Amino acid sequence: MPANVRLAKSIPYALLLPYVDVMVTNGGIGGILAALTHGLPLIGGGRTEDKPAVCARIAHTGVGIDLKTDRPTVGKIRDAVRAVLSNPSYQRAAVRVQTDFARHDPPVEAAVLLERLAETKAPVV
């Protein structure tokens, strides 16, 4: 492995993400949400489960690049990392999402909506 590569079975996102500039992911929603919570742009490549739709949202929102494959070549990953790091629009979009995330308290908001639904028995819009 190259000198700048570290291999580990698992690293908690909270310990790792403050030290990276871009996250390359298989499109799992947990990792993507963790990266966006840290304001990190993404490169996603996944084609199983809901990963194609999640990776498409990475590109659609401007927070990163969808590799549109679950087996990207080294060159495709390298080119995507360089593109994300050289174009500040990806970072700005990721910070925009991070800022939006910080405005919400999902458990509290969900409880309020569920209570309203229970009280009114009507869809909550």
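Note that the structure is a prediction, hence the values are computed from the model and not measured. (Residues numbered from 1 in each chain as written. Predicted model: local features only at pLDDT ≥ 70, side-chain atom pairs only at ≥ 80, totals over all residues. Heavy atoms only, no water.)

(A) A look at the overall build of the protein chain. When you go through the protein chain residue by residue, the secondary structure sums to 6 helices and 3 strands. Seen through its principal axes, the protein chain has C-alpha atoms that stretch 60 × 30 × 25 Å. Every one of the 125 residues in the protein chain was classed for burial, and the buried ones make up 29%. Across the protein chain, every contact between residues at least 6 apart in sequence was considered, and the portion connecting residues at least 24 apart equals 40%. A total accessible area of about 8,500 Å² is found for the protein chain, and carbon and sulfur atoms account for 61% of it. Across the protein chain, 15 positive and 11 negative side-chain charges occur, with their mean positions spaced 9 Å apart. (Helix = DSSP H or I, 4+ residues; strand = E, 2+ residues; numbered from the N terminus. Buried < 20%, exposed > 50% of the residue type's maximum accessible area, 1.4 Å probe, protein only. Contact = heavy atoms within 4.5 Å. Areas by Shrake-Rupley, 256 points an atom, 1.4 Å probe, with all protein chains shown as cover. Lys, Arg positive; Asp, Glu negative; His and termini not counted. Charge placed at Lys NZ, Arg CZ, Asp CG, Glu CD.)

(B) Region of interest: the nonpolar core. Core analysis: the largest hydrophobic core is formed by 14 residues, its most contacted members being Ile32, Leu36, Leu42 and Val63. Looking at this core, the elements that each hand over two or more residues are α2 (29-37), α3 (51-61) and α5 (88-102). Broken down by element, this core gets its largest block of residues, 4 residues, from α2. Discounting residues that sit within four places of it in the chain, Leu36 has contacts with Leu42, Val63, Ala94, Val97, Gln98 and Phe101. Val22, Ile43, Ala80 and Val84 belong to the second-largest nonpolar core, a separate cluster that totals 7 residues. (Core = buried A, V, L, I, M, F, W, Y, C linked by side-chain atoms within 4.5 Å.)

(C) Representation of the pattern of salt bridges in the model. Considering all chains together, one arrives at 4 salt bridges under this definition. For Arg47, the salt bridge is made with Asp66, and the minimal N-O distance between the two is 3.4 Å. Pair noted here: Arg47 is in the loop between β2 (42-44) and α3 and Asp66 is in strand β3 (residues 64-66), with a separation of 19 residues, a long-range link. (Salt bridge = Lys/Arg side-chain N within 4 Å of Asp/Glu carboxyl O.)

(D) Summary view of the side chain of Asp66. The buried category is assigned to Asp66, whose relative accessible area is 12%. Here the side chain of Asp66 touches Arg47 through a polar contact of 3.4 Å, side chain to side chain. At 2.8 Å, the side chain of Asp66 forms a polar contact with the backbone nitrogen of Lys68. (Polar contact = N/O pair within 3.5 Å; in protein donor to acceptor, adjacent residues only side chain to side chain.)

(E) Just the layout of surface pockets, in detail. Taken as a whole, the largest pocket encloses approximately 670 Å³ of empty space. Along the walls of the largest pocket sit 17 residues, with Val5, Arg6, Ile11, Leu16 and Val20 positioned nearest its centre. A per-element tally of the lining of the largest pocket places strand β1 (residues 23-25) first, with 3 residues. Along the lines of polarity and charge, the residues of the lining of the largest pocket split into 13 nonpolar, 2 polar and 2 charged. (1 Å grid on protein atoms, 1.4 Å probe; cavity = no way out; pocket = protein on both sides within 12 Å on 5 of 7 lines; lining within 4 Å. Points joined across faces, edges and corners; volume = space filled by probe spheres on them. Nonpolar A, V, L, I, M, F, W, Y, C, P; charged D, E, K, R; others polar.)

(F) Region of the structure containing the environment of Gly64. Checked against the element boundaries, Gly64 lands in strand β3. Exposure remark for Gly64: the relative accessible area of 4% places this residue in the buried category. For Gly64 and Val24, which are 40 residues apart along the polypeptide, the C-alpha to C-alpha distance reads 9.6 Å. When sequence neighbours within four positions are dropped, the list of residues in contact with Gly64 reads Leu42, Ile58, Ala59 and Tyr90.

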